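Commentary on secondary and tertiary structure
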Amino acid sequence: MIERVEFDADGVRLVGDLRLPPPAGPHPALVLTGPFTGTRDQVAGLYAARLAEAGYVTLAFDHRNWGESGGTPRGHEDAQGKLHDLRAAVSLLRARPEADGARIGAVGICLGAGYALRFAAFDPRVKVFAGIAGAYNNPYGMRAGMSPGGYQDALASFTEVLERQDRGGEIEYLPAVAAEGEAAMPGDEPFAYYGTERGASAHWRNEVTRASIRELITLDNMTGADFLSPKPALIVHGVVDRFCSPEGAEEAYKRMDDPKSLIWLDARLHIDLYDTEPHVTQAVEATVTFLGEHL
């Protein structure tokens, strides 16, 4: 059963889909968070549905500024706000009689894996973490990838955007995806999911604030790996991934303490783990096995 739910985080109304497996609970429960720009009926919703079939209460929702949820500017990545959204989502789960409030896990896919990791590390109500095709952002890695000078140039560019907006200018946007030209996620691979019927959603828009990129390059979700212990952690990742590096997944894994598990899947594209078989089933089965042992 899928129930549309609405709940507040910092006064912002959030919209989610609560999936309730039979029979009557209480069941262990999972909060899910998905890719950058994604809405709840895309990747997060797919995994929420599959995990609900395995007997978990699941909650996939639109973060503030995205999808059907409230918040402004629209299409803006609010890193701290997303952590607050996850906190409120867990509060909702713990208030539901169908969910076992003592057995709650956080599951993230793509950028959501980093948020789920950081959130799980610092919220004692969350007992286990699972990340799939995760982006475990940290500014050290971003700076290393750009060079120190390039990193400072990028910060200066985005600060100019924010200063214009602070002085009353319009919010500046760029496409979320584009097969060619400038976009927050440029190139054929992101476009193959978001820019086609494959990832079609009535609630998704092909735009993102330009300032969102500053959030991504200054975000430190990797620190969650240092503080997660003694909670169990699972990382599932493709052996080839041009958008969320296998090296980042391996670093997160190494920085965690036991109990932990790292599972490599023979996926060659990042978006293979969004909706492509057998990769999704393999990721779901690995997650269900791990949660069965630890939640």
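These numbers come from a predicted model, not from an experiment. (Residues numbered from 1 in each chain as written. Predicted model: local features only at pLDDT ≥ 70, side-chain atom pairs only at ≥ 80, totals over all residues. Heavy atoms only, no water.)

Where nonpolar side chains cluster on the molecular surface, the patch consists of Val239, Val240 and Trp264 and spans about 220 Å² of accessible area. On the secondary structure map, tryptophan 264 appears in strand 12 (residues 260–265). Taking relative accessible area as the criterion, tryptophan 264 reaches 35% and is therefore assigned partly exposed. (Patch = residues over 30% accessible without salt bridge, like charges linked within 9 Å, V, L, I, M, F, W, Y side chains within 5 Å. Areas by Shrake-Rupley, 256 points an atom, 1.4 Å probe, with all protein chains shown as cover. Salt bridge = Lys/Arg side-chain N within 4 Å of Asp/Glu carboxyl O. Helix = DSSP H or I, 4+ residues; strand = E, 2+ residues; numbered from the N terminus. Buried < 20%, exposed > 50% of the residue type's maximum accessible area, 1.4 Å probe, protein only.)

Grouped together as the largest cluster of nonpolar side chains are 91 residues, with contacts concentrated most on Phe7, Tyr47, Leu59, Phe129, Ile132 and Tyr136. Beyond its immediate stretch of four places on either side in the chain, tyrosine 136 contacts Ala113, Gly114, Leu117, Phe129, Gly131, Met222, Ile235, Gly248, Ala249 and Ala252. (Core = buried A, V, L, I, M, F, W, Y, C linked by side-chain atoms within 4.5 Å. Contact = heavy atoms within 4.5 Å.)

The subject of this paragraph is the UniProt feature "domain: Xaa-Pro dipeptidyl-peptidase-like" (unreviewed entry) in the protein. In this structure's numbering, the residues bearing the UniProt feature "domain: Xaa-Pro dipeptidyl-peptidase-like" (unreviewed entry) are residues 10–263. Secondary structure over residues 10–263 splits into 37% helix and 22% strand, and the C-alpha atoms at its two ends are 36 Å apart. (UniProt positions renumbered as here; feature names shortened; annotations may be inferred.)

Within this structure, the stated rule accounts for one cavity of 30 Å³ or more. Along its surface, the largest cavity is lined by Thr33, Gly34, Pro35, Thr37, Gly38, Thr39, Arg40, Ala44, Phe61, His63, Trp66 and Lys82. For the lining of the largest cavity, the class distribution of residues is four nonpolar, six polar and two charged. (1 Å grid on protein atoms, 1.4 Å probe; cavity = no way out; pocket = protein on both sides within 12 Å on 5 of 7 lines; lining within 4 Å. Points joined across faces, edges and corners; volume = space filled by probe spheres on them. Nonpolar A, V, L, I, M, F, W, Y, C, P; charged D, E, K, R; others polar.)

As a further point, take the sheet that holds strand 4 (residues 57–62). Spatially, 1-2-4-3-5-6-11-12 is the arrangement adopted by the eight strands of the open sheet, whose pairing is mixed. Each edge of the sheet is formed by a strand with only one pairing partner; in this case those strands are strand 1 (2–9) and strand 12. For this sheet the average axis-to-axis angle between neighbouring strands, irrespective of direction, equals 20°. Judged from the six bridges that link them, strand 3 (residues 27–33) and strand 5 (residues 99–109) form a sheet pairing that is parallel. Residue pairing across strands places alanine 29 opposite isoleucine 104, the latter belonging to strand 5. In the packing of helix 3 (residues 111–122) onto the sheet, contacts are made with strand 3, strand 5 and strand 6 (128–132), and the angle to strand 5 comes to roughly 140°. Contacts from helix 11 (residues 279–294) reach strand 3, strand 6, strand 11 (233–238) and strand 12, with the element oriented near 170° to strand 6. (Pairing = 2+ DSSP bridges. Axes fitted to C-alpha atoms, helices over the stretch in contact; angles between N-to-C directions.)

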